[in-house]
Amino acid sequence: MDIKEFFELSAGKWFCQRTSYNLENQQVQSGKSDLTIEILAGDSPDAIALCQKQGQTQENLWGAVKVSWDNSGDYGKNKQVGSTLLIPIPNPDDDRAGQLLYSSSNVSEPAIAGRYILGEDDALTLIVEGKDTYSEERIWFASPNLRLRASLIKNNSDFSRTAFYSEIRRIPPKE
């Protein structure tokens, strides 16, 4: 499997349950959300704009991945709706690793670059490092319609948050 196949397998509408641990405040939270994962063409306006922000060309770009979420179903919690655009750029020497361009719909977050590694077990690890933060997320399939994710965020070299997600596909992508 390569990165394109991994994201194509991820496309569709998912129901997500999550448990997150804020280690600084020693708090546990759980919630649910709806996720939509779409594959965009490499020449889509969003993909072109993110490449330009990052000073990247669109050469050899097969596409982009847009992940949208809506957690309006969480009782008693503020509604959160947003999206993230991911553009994987495979390493020419190793198609199981490469650069990751990342942009959030949250305008206060700048577009950043990270990296990805697709392991021999077909689990995808996304790594994004900022000035004071380090984020790592591991995503894998337990079955074609069940994805699992684990993430951690470190601030100033201390773990600050970790989370586990289970995602059940509700609607497969349109062919």
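The structure displayed is predicted, hence computed values, not measured ones. (Residues numbered from 1 in each chain as written. Predicted model: local features only at pLDDT ≥ 70, side-chain atom pairs only at ≥ 80, totals over all residues. Heavy atoms only, no water.)

Our focus in this paragraph is the nonpolar core. Burial of nonpolar side chains together is a common tendency in soluble globular proteins. One finds Phe6, Phe7, Val65, Leu86, Leu124 and Leu126 to be the most contacted residues of the largest nonpolar core, which totals 20 residues. Listed by contribution, the elements that provide at least two residues to this core are helix H1 (3-10), strand E1 (12-22), strand E2 (27-41), strand E3 (63-70), strand E5 (94-104), strand E6 (112-118), strand E7 (124-129) and strand E10 (158-171). What Phe7 contacts, discounting residues up to four positions off in sequence, is Ile39, Trp62, Val65, Leu86, Pro88 and Leu124. One finds Leu40, Leu50, Cys51 and Leu61 within the second-largest nonpolar core, a separate group that totals nine residues. (Core = buried A, V, L, I, M, F, W, Y, C linked by side-chain atoms within 4.5 Å. Buried < 20%, exposed > 50% of the residue type's maximum accessible area, 1.4 Å probe, protein only. Helix = DSSP H or I, 4+ residues; strand = E, 2+ residues; numbered from the N terminus. Contact = heavy atoms within 4.5 Å.)

Going through the model one piece at a time under the given rule, you end up with eight salt bridges. Ionic pairing is found between Arg170 and Asp34, a salt bridge with its closest N-O pair at 2.9 Å. Of this pair, Arg170 sits in strand E10 while Asp34 sits in strand E2, and the two are 136 residues apart along the sequence. Between Asp121 and Arg138 there is a salt bridge, and its shortest N-O distance comes to 2.6 Å. You can see Asp121 sitting in the loop between E6 and E7 and its partner Arg138 sitting in strand E8 (residues 133-143), a full 17 residues away along the chain. The partly exposed category is assigned to Arg138, whose relative accessible area is 34%. Residues joined by salt bridges that share partners form a network here, namely Glu137, Arg147, Arg149 and Glu167. (Salt bridge = Lys/Arg side-chain N within 4 Å of Asp/Glu carboxyl O.)

This brings us to the packing of aromatic side chains. To describe a pair of aromatic rings, you give the distance between the ring centres and the angle between the ring planes. One pass over the full model with this rule turns up three aromatic pairs. Look at Phe6 and Phe7: their rings are 5.9 Å apart centre to centre, the planes differ by 85°, and that puts the pair in the edge-to-face class. Here the aromatic rings of Trp14 and Phe141 are separated by 6.5 Å at their centres, their planes lie at 50°, and the arrangement is tilted. Here Trp14, found in strand E1, pairs with Phe141, found in strand E8; they are 127 residues apart in sequence, far enough to count as distant. In this structure Trp14 comes out as buried when scored by relative accessible area, which is 1%. By relative accessible area, Phe141 is classed as partly exposed at 22%. When the ring centre of Trp140 is taken as origin, the NZ or CZ atom of Arg138, which lies over that ring, is 5.8 Å away. Here Arg147 stacks its cationic end above the ring of Trp14, 5.5 Å away from the centre of that ring. (Phe/Tyr/Trp six-rings, centres within 6.5 Å; stacked < 30°, edge-to-face > 60°. Lys NZ or Arg CZ within 6 Å of the ring centre and 35° of its normal.)

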